[in-house]
Amino acid sequence: RARCASPTLRARAWRARRAATRASHAERELPPPLEWSCLDDAPAWSRAYLGYAERFCDDYALEVERGARTHALRFRQAPVASAAHSAEARGSSDGGLSTGSTVWDAGIVLARYVATLPRPGEQCVFVELGAGTGHVGLTACASCPEGDGRLAALVLTDLPAVVPLLEENCARNVRALPSALRIAVLPFRWGDTADFSRLSERARARDGTPAPRTLCIGGDLLYRHEVVEPLVCALRALLLPAATAGVARAAAAAHDARALSDEALLSASMEHCPDAVSRFVCEASAAGLRVSQVHFDELDRVYRARSVVVLRVTARGAPRIKAPQ
């Protein structure tokens with residue numbers, strides 16, 4: 001009868017594979033591989049420990065602190081977001097997987113990290129890609145102090161069939177958000193010019209001008225190879241000036257000839273499809289974007305995991321937002 005390898009042997013094999021990957025990247029002049037580990041147990045808060053009902057069907061509840069007050073948030077989950085979700089997923093880069101209607105560990109890590117970022121001096125707009133339940137964007141905004149006008153708006157986007165779930169979760173949690181925050185829920189199919197035009201119109205400051213700073217966020221988007229190319233195209237449209245990104249004329253007019261967003265923060269579970277994440281880093285770099293990994297020590301001290309990476313994506317030459325000290 002075959003015996004399972006000991007933890008020591010598994011660790012040795014893991015480190016040998018990592019060393020071979022680093023050598024292969026260096027030989028082929030590819031970006032350095034991401035640093036992560038599958039050797040540690042999942043953290044105590046991980047949803048991997050839950051049964052099916054808790055994991056995919058029951059509401060996901062959490063509390064966030066804003067100033068001296070604690071606010072409770074609750075998100076509806078479902079195996080399928082709406083009646084049209086499965087059919088729409090089959091025709092999209094999801095490849096038939098209805099993955100957008102539950103909360104994933106990588107999204108929890110990203111939400112808590114975004115909440116710790118220093119607010120810029122000017123107005124900022126959050127745009128969440130593939131928002132699913134809306135957990136990442138809503139949790140990050142719920143941590144913003146009341147009366148802080150620097151966070152102007154939150155724009156949540158996903159496939160049209162997921163929009164009803166997003167709208168429901170926004171309505172559920174509106175009391176936990178800053179009262180002055182503007183919230184928009186939009187369908188955004190990556191690569192769709194009309195959807196991009198609507199997004200560029202809504203991701204603006206209060207006076208209708210382009211926001212001085214726009215941050216794109218996306219939790220656990222890189223779970224299969226089919227997602228990589230559409231996501232790179234969407235990020236090019238968002239992070240590069242219209243002429244450079246190749247945005248169509250109609251979209252370019254709304255784009256104001258400047259990049260819609262300054263930076264994107266993406267989280268990914270390396271236990272889902274690490275090859276897809278590595279492919280994304282290479283294809284994004286080849287497409288004129290710069291991808292760097294947020295150091296593990298910069299993440300929230302509780303809500304982080306060695307198997308989850310957070311990536312910062314910018315246009316080449318763009319300044320980087322400093323992490324909190």
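Refer to the preceding data block for the structure.
Report on the accompanying structure. (Residues numbered from 1 in each chain as written. Predicted model: local features only at pLDDT ≥ 70, side-chain atom pairs only at ≥ 80, totals over all residues. Heavy atoms only, no water.)

## Structural notes on the overall build of the protein chain
The line we're drawing: Under the scheme used here, helices are H or I runs from DSSP no shorter than 4 residues and strands are E runs no shorter than 2 residues, and both carry numbers assigned from the N terminus. Burial here depends on accessible area, computed with a 1.4 Å probe over protein chains only, as a share of the maximum for the residue type. Under 20% is buried, over 50% is exposed, and the range in between is partly exposed. Should any heavy atoms of two residues lie within 4.5 Å, those residues are counted as being in contact. Exposure was quantified through the Shrake-Rupley algorithm and a 1.4 Å probe, taking into account, for residues, occlusion by the shown protein chains and nothing else.
In terms of helices and strands, the protein chain carries eleven helices and nine strands. Out of the 325 residues in the protein chain, the part that is buried amounts to 51%. The contacts in the protein chain between residues at least 6 apart in sequence include a share of 73% that link residues at least 24 apart. When the accessible area of the protein chain is evaluated, it comes to approximately 15100 Å², of which 52% is carbon and sulfur surface.

## Some remarks on the nonpolar core
Just so we agree on the cut-off: Among buried residues, the Ala, Val, Leu, Ile, Met, Phe, Trp, Tyr and Cys ones that are joined through side-chain atoms within 4.5 Å form a nonpolar core.
Core analysis: the largest hydrophobic core is formed by 45 residues, its most contacted members being Leu231, Leu235, Phe280 and Val313. With eight residues, the single largest contributor to this core is helix H8 (residues 228–239). Core analysis: the next-biggest nonpolar cluster, separate from the first, contains 41 residues, Ala131, Leu151, Leu166 and Leu215 among them.

## Side note on the pattern of salt bridges
The line we're drawing: Any Lys or Arg side-chain nitrogen located within 4 Å of an Asp or Glu carboxyl oxygen qualifies as a salt bridge.
In the structure shown here, the tally under the stated rule is ten salt bridges. A salt bridge links Arg172 to Asp59; the shortest N-O distance between them is 2.9 Å. Placement of Arg172 in helix H6 (residues 163–173) and of Asp59 in the loop between helix H2 (52–57) and strand E1 (60–66) is noted, with a sequence separation of 113 residues between them. For Arg304, the salt bridge is made with Asp297, and the minimal N-O distance between the two is 4.0 Å. Accessibility expressed as a relative area gives 16% for Arg304, which makes it buried. Residue Asp297 is classed as exposed on the basis of its relative accessible area of 52%. Several salt bridges share partner residues, and in doing so they unite Asp59, Arg74, Arg76, Glu168 and Arg172 into one network.

## Overview of the side chain of Glu128
This is how it is decided: Two N or O atoms form a polar contact when they lie within 3.5 Å of each other; inside protein one atom must be a possible hydrogen donor and the other a possible acceptor, and for residues adjacent in sequence the pair counts only when both atoms belong to side chains.
By the secondary structure assignment, Glu128 is in strand E3 (residues 124–128). The exposure class of Glu128 is buried, given its relative accessible area of 1%. Polar side-chain contacts of Glu128 include one of 2.9 Å to the backbone nitrogen of Gly137.

## Focus on the packing of helix H4 (residues 105–116) against helix H5 (residues 135–142)
Here is the rule: Note on method: axes are straight lines fitted to C-alpha atoms, helices fitted across the in-contact stretch only, with angles between N-to-C directions ranging 0 to 180 degrees. Should an angle fall under 35 degrees it is taken as roughly parallel, and over 145 as roughly antiparallel, whereas 65 to 115 is taken as roughly perpendicular and any remaining angle as oblique. Each helix crossing is assigned a hand: it is left-handed if the near helix lies turned anticlockwise from the far helix by less than a right angle, otherwise right-handed if that turn is clockwise. Residue classes follow a fixed rule: Ala, Val, Leu, Ile, Met, Phe, Trp, Tyr, Cys and Pro count as nonpolar, while Asp, Glu, Lys and Arg count as charged, and any other residue, Gly among them, counts as polar.
The contact between H4 and H5 brings their axes to 8 Å, and the two run at 30 degrees. In terms of orientation, H4 lies roughly parallel with respect to H5. Considering only the axes of H4 and H5, their crossing is right-handed. Along the contact surface, H4 presents Gly107, Ile108, Leu110, Ala111, Val114 and Ala115, while H5 presents His135, Val136, Thr139 and Ala140. Grouping the constituent residues of the contact of H4 with H5 by class yields seven nonpolar, three polar and no charged.

By themselves, these figures tell us nothing about what the structure is for.
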